[in-house]
Amino acid sequence: MTTAVIGTGGIGSAIARQLASGGEILRLSSADKESARTLAAEIGRAAVVAVDNRDALQGAEAVVFALRFPVLKGVMDEIADPLTDKLVVVPSNPVGIDAQGNVSRLLPAGQSSGEVVAGWLPAGARLAMAFGTMSAHLFESSSHRSPESAVLFYATDDDRAGEEVERLIRTAGFEPMKVGGVEQSSRLEVGGDLHELVVGPAEARSLIGEA
Ligand SMILES: NC(=O)c1ccc[n+]([C@@H]2O[C@H](COP(=O)([O-])OP(=O)(O)OC[C@H]3O[C@@H](n4cnc5c(N)ncnc54)[C@H](OP(=O)(O)O)[C@@H]3O)[C@@H](O)[C@H]2O)c1
């Protein structure tokens, strides 16, 4: 199947590599195309560079918005129409980094990124907050873990989105586990209790239940 990856920086490139390793066809897009071209060359025949963000969605069942939080809404607005029948996967953490490298949350306490992003999408788009729970390095080193797969947590309000994102998570070499609806996505973010964890299914289930 085909997935668009918009944003081919740190996490977008890691997600694309892992999806391609599981057999997914990718359509890549980035701001100036250079990082998308470099990544496509590395991945090989499974990846093509789209003309622009809208073109990336052509023939894709799903789209991963691997973008920094402040640019997400603008790109979603730019390509809103073709999102209406797609799985929309968002790994973005609602954080900013200042010139000194200090990380701060961009949303008020108590507001989850999933709820905010859901409000930016057109009706019919199926949102899953996923693939942003680990740093890119940890994500790649934990995929296809053996003998027991590592869990990748996700949050969604939509049953069909849940099935679709579970397929992508398995394709990337992880065991999917739903945390809850999009209001639970703050647990997955930087600073959340399920962020940067590499655990198997049994431990993951008990962690979900502990909250
Ligand atoms: N990096 C990680 O380890 C990691 C892990 C988990 C979650 N996250 C989250 O994922 C999000 C992205 O992080 P990142 O580290 O991958 O950021 P990044 O390395 O800066 O990559 C951002 C990507 O967005 C692209 N981009 C910017 N504006 C665009 C536009 N208008 N249209 C299309 N593409 C555009 C950039 O294109 P160019 O390449 O052309 O500049 C770049 O490829 C953040 O919210 C972060 O919190 C990151």
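Residues numbered from 1 in each chain as written. Predicted model: local features only at pLDDT ≥ 70, side-chain atom pairs only at ≥ 80, totals over all residues. Heavy atoms only, no water.

1. Quick look at the layout of surface pockets
Here's step 1: One number sums up the size of the largest pocket: a volume of about 770 Å³.
Here's step 2: Secondary-structure elements contributing two or more residues to the lining of the largest pocket are α1 (10–21), α4 (69–78) and β6 (95–97).
Here's step 3: The element contributing the most residues to the lining of the largest pocket is α4, with four residues.
Here's step 4: Here the lining of the largest pocket is composed, by residue class, of 16 nonpolar, 15 polar and two charged. (1 Å grid on protein atoms, 1.4 Å probe; cavity = no way out; pocket = protein on both sides within 12 Å on 5 of 7 lines; lining within 4 Å. Points joined across faces, edges and corners; volume = space filled by probe spheres on them. Helix = DSSP H or I, 4+ residues; strand = E, 2+ residues; numbered from the N terminus. Nonpolar A, V, L, I, M, F, W, Y, C, P; charged D, E, K, R; others polar.)

2. What to know about the pattern of salt bridges
Here's step 1: Following the criterion strictly, the structure yields 14 salt bridges and no others.
Here's step 2: The network of salt bridges with common partners includes Arg-17, Glu-42 and Glu-140. (Salt bridge = Lys/Arg side-chain N within 4 Å of Asp/Glu carboxyl O.)

3. Looking at empty space enclosed by the protein
Space left empty within the atom packing is revealed by a probe, the size of a water molecule, rolled over the atoms.
Here's step 1: Applying the stated rule across the entire model yields one cavity of 30 Å³ or more.
Here's step 2: Considered as a void within the structure, the largest cavity measures approximately 80 Å³ in volume.
Here's step 3: As for the largest cavity, its lining consists of 13 residues, and the residues nearest its centre are Val-90, Pro-91, Ser-92, Asn-93 and Leu-188.

4. Quick look at the packing of α1 against helix α2 (residues 34–43)
Here's step 1: At a minimum axis separation of 11 Å, α1 and α2 run at an interaxial angle of 25°. Here α2 runs roughly parallel to α1, going by the angle between their axes. In the crossing of α1 with α2, the sense of the turn from one axis to the other is right-handed. Contacts from Ser-13, Ala-16, Arg-17 and Ala-20 of α1 reach α2 at Leu-39, Glu-42 and Ile-43.
Here's step 2: Grouping the amino acids of the contact of α1 with α2 by side-chain chemistry returns four nonpolar, one polar and two charged. (Axes fitted to C-alpha atoms, helices over the stretch in contact; angles between N-to-C directions. Parallel < 35°, antiparallel > 145°, perpendicular 65-115°, else oblique. Left-handed = near helix turned anticlockwise from the far one by under 90°. Contact = heavy atoms within 4.5 Å.)

5. A short note on the site of the ligand
Here's step 1: Surrounding the ligand, one finds 23 residues, the nearest of these being Thr-8, Ile-11, Ser-35, Arg-68 and Ala-136.
Here's step 2: In this structure, an oxygen atom belonging to the ligand sits 3.1 Å away from a main-chain N or O atom of Ala-31.
Here's step 3: For the ligand, the accessible surface in isolation is 900 Å², of which the surrounding protein chains cover 74%.
Here's step 4: More than half of the atoms belonging to the ligand lie within 2 Å of the grid points that define the largest pocket.
Here's step 5: Listed by contribution, the elements that provide at least two residues to the shell around the ligand are α1 and α4. (Near = heavy atom within 4 Å. Polar contact = N/O pair within 3.5 Å; in protein donor to acceptor, adjacent residues only side chain to side chain. Areas by Shrake-Rupley, 256 points an atom, 1.4 Å probe, with all protein chains shown as cover. Sits in = over half its atoms within 2 Å of the grid points.)

6. With respect to the environment of Ser-146
Here's step 1: With respect to the helices, strands and loops of the structure, Ser-146 is situated in the loop between α6 (136–142) and β9 (151–156).
Here's step 2: The exposed category is assigned to Ser-146, whose relative accessible area is 64%.
Here's step 3: Remark: the alpha-carbon pair of Ser-146 and Leu-72, spanning 74 residues in sequence, is separated by 35 Å. (Buried < 20%, exposed > 50% of the residue type's maximum accessible area, 1.4 Å probe, protein only.)

7. Considering the environment of Ala-118
Here's step 1: Structurally, the position occupied by Ala-118 is in helix α5 (residues 113–120).
Here's step 2: Ala-118 sits in the partly exposed class, given a relative accessible area of 34%.
Here's step 3: C-alpha separation for the pair Ala-118 and Val-88, spaced 30 residues apart in sequence, amounts to 9.8 Å.

8. So, the environment of Thr-3
Here's step 1: With respect to the helices and strands, the residue Thr-3 is situated in strand β1 (residues 2–6).
Here's step 2: Among the residues examined, Thr-3 registers a relative accessible area of 0% and is labelled buried.
Here's step 3: Along the sequence, Thr-3 and Gly-59 sit 56 residues apart, while their C-alpha atoms lie 8.4 Å from each other.
Here's step 4: Apart from the residues within four sequence positions on either side, Thr-3 is in contact with Leu-19, Glu-24, Ile-25, Leu-26, Arg-27, Ala-60, Ala-62, Val-64, Arg-167 and Leu-168.

9. What to know about the sheet that holds β9
Here's step 1: Pairing is mixed across the open sheet formed by eight strands, whose spatial order is β3-β2-β1-β4-β5-β8-β9-β10. Where the open sheet ends on each side, the last strands, each with one partner, are β3 (47–49) and β10 (175–180). Taking each pair of neighbouring strands and ignoring which way they run, the sheet shows an average axis angle of 25°. (Pairing = 2+ DSSP bridges.)

10. Looking at unusual backbone geometry
Here's step 1: Geometrically, the link from Ser-146 to Pro-147 is a cis peptide bond, its omega value of 5° lying close to zero.
Here's step 2: Within the secondary structure, Pro-147 sits in the loop between α6 and β9.
Here's step 3: Although it is not a glycine, Phe-131 adopts a positive phi angle of roughly 75°.
Here's step 4: Relative to the elements of secondary structure, Phe-131 occurs in the loop between β8 (126–130) and α6.
Here's step 5: Although it is not a glycine, Glu-196 sits at a positive phi angle of roughly 60°.
Here's step 6: In this structure, Glu-196 sits in the loop between β10 and α8 (201–210).

Purely spatial values, then, with no claim about function.
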